[in-house]
Amino acid sequence: MVPDLRRAYNEAFTEERYAGMVRDLESRVGFPIEFRISETPLFLSDRLARELEQAAWQILETVTSEDYLRKAGPALPPGLAVPGEDPHPVFLQIDFALAVDETGEIVPRLIELQGFPSLYGFQWLLDGGFRRWFEIPSNVTPYFGGLDRVSYIDCLKSVVVGDCDPEQVVLLEIDPEHQKTRCDFAVMEQALGIHTVCPRDVKEKDGRLVYEKDGREVPVRRIYNRVIFDELQRKGLAFDHLFRRDIRDLSAEWVGHPNWYFRISKYSLPFLQPPYAPETHFLSDVKEVPADLDDWVLKPLFSFAGLGVELGPSAERLKSIEDPGNYLLQRKVEYASVIETPDGGAKAEVRMMFVWKDGQPRLINNLVRMSKGKMMGVDFNKQKTWVGASLAYHS
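Summarised in this report is the structure supplied together with it. (Residues numbered from 1 in each chain as written. Predicted model: local features only at pLDDT ≥ 70, side-chain atom pairs only at ≥ 80, totals over all residues. Heavy atoms only, no water.)

Details of the sheet that holds strand 9 (residues 222–225)
Within a beta sheet, neighbouring strands are joined by backbone hydrogen bonds and run either parallel or antiparallel to one another. One open sheet holds the four strands; their spatial order is 5-4-9-10, and the pairing between them is parallel. Looking at the sheet topology across the chains shown, the edges are occupied by strand 5 (195–197) and strand 10 (253–255). Across this sheet, the average inter-strand angle for adjacent strands is 35 degrees, counted without regard to direction. Pairing analysis gives three bridges linking strand 9 to strand 10, with the strands arranged parallel. Paired with Tyr 224 across the bridge in strand 10 is Val 255. On the sheet, helix 6 (residues 149–160) packs against strand 4 (169–172), strand 9 and strand 10 and is oriented at approximately 120 degrees with respect to strand 9. (Pairing = 2+ DSSP bridges. Helix = DSSP H or I, 4+ residues; strand = E, 2+ residues; numbered from the N terminus. Axes fitted to C-alpha atoms, helices over the stretch in contact; angles between N-to-C directions. Contact = heavy atoms within 4.5 Å.)

What follows is the structure, encoded as structure tokens:
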């Protein structure tokens, strides 16, 4: 997308440098990284970077509007609402496919969005890795809003830790040592001074939440939440002392209240309009099955990480669904092979990453996934190179 930068990067690339970068990143987190890191970043043109920003802000304004939030009550599955919801999310991430419009321009097209954090720490580490091992120009950045590598971490610390003692701030995740994203937890611990804790290890004692560290009981004042509810359900877990009461009564607060995981999610897609969002309907609202079903995608509302997505569902499949209100029918977005690599073009998805700071949303970073398969997931990219996790640089 910036031909000169792409050409220079590809010509300077070596497998030895790439392997060195991966080893370097793994040494900094202290264990193997369990997802594939792409051999290359993206280099966004000024036009495309600005259009991604415009699209992200437009969608953010819709899903945080009073009108949308009045309609978003059904986004919370029965029995999963957590008391004490904040008036706005703390994190918002919006995923765009890079597609080609009718004029041949590369354009962003919405895939999904979530009011939930992902790799805010790891993306900072990855930027450092590419800069140490490859000649990334000093005038390009993955950050937004004037942030750099130092002020980005300052921003995260302000959002996650606030005015608390970092020891009293926990990153909450189920069995964190077994999560593929634990490399991000390690970066957040190192950069912010917080501690990663499983909900099993957070106890209620004397009207406070506490966890044990170095033989001491440490009070929990803030919870940076990374717990995903469908994982709780799959494992038959509840943790009522955390998710069935208002933790403000225990002198604690959520950094990213759990309800926003559902309020801003696939449920939001039918409320968004073109050009950046593809046509999407709740299946229960579809009165006439489209004739071109090969150009549509069926998505279950309350499943995440791509689970249950069906490309080109049949009319019989749609009619067989007993709870159509819990499914979406979305017009397929055709990713474009926009990244030149040594063995063919790669497709990309760009995640625009927001936080709420001082009561206002702020766009701060991005995340990229690259693919050469039918879909973005690992199963569609086995034995392929120049695919996986990355980031996008822009000027």
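Focus on the pairing of strand 7 (residues 208–213)
Bridging between strand 6 (residues 203–205) and strand 7 involves three bridges; their strand directions are antiparallel. Residue pairing for strand 7: Lys 205 is matched across the bridge by Arg 208. Between strand 6 and the antiparallel strand that follows it, strand 7, lie two residues; Asp 206 among them carries a positive phi value of about 55 degrees. Relative to strand 8 (residues 216–219), strand 7 is paired through four bridges, and the arrangement is antiparallel. Across the sheet, Lys 213 pairs through a bridge with Arg 216, a residue of strand 8. Between strand 7 and strand 8, which follow one another and run antiparallel, lie two residues, and Asp 214 among them has a positive phi close to 50 degrees.

Considering the sheet that holds strand 8
One open sheet holds the three strands; their spatial order is 6-7-8, and the pairing between them is antiparallel. A strand with exactly one partner marks an edge of an open sheet, and here the two such strands are strand 6 and strand 8. Strand-to-strand twist of the sheet, defined as the mean angle between neighbouring strand axes without regard to direction, takes the value 50 degrees.

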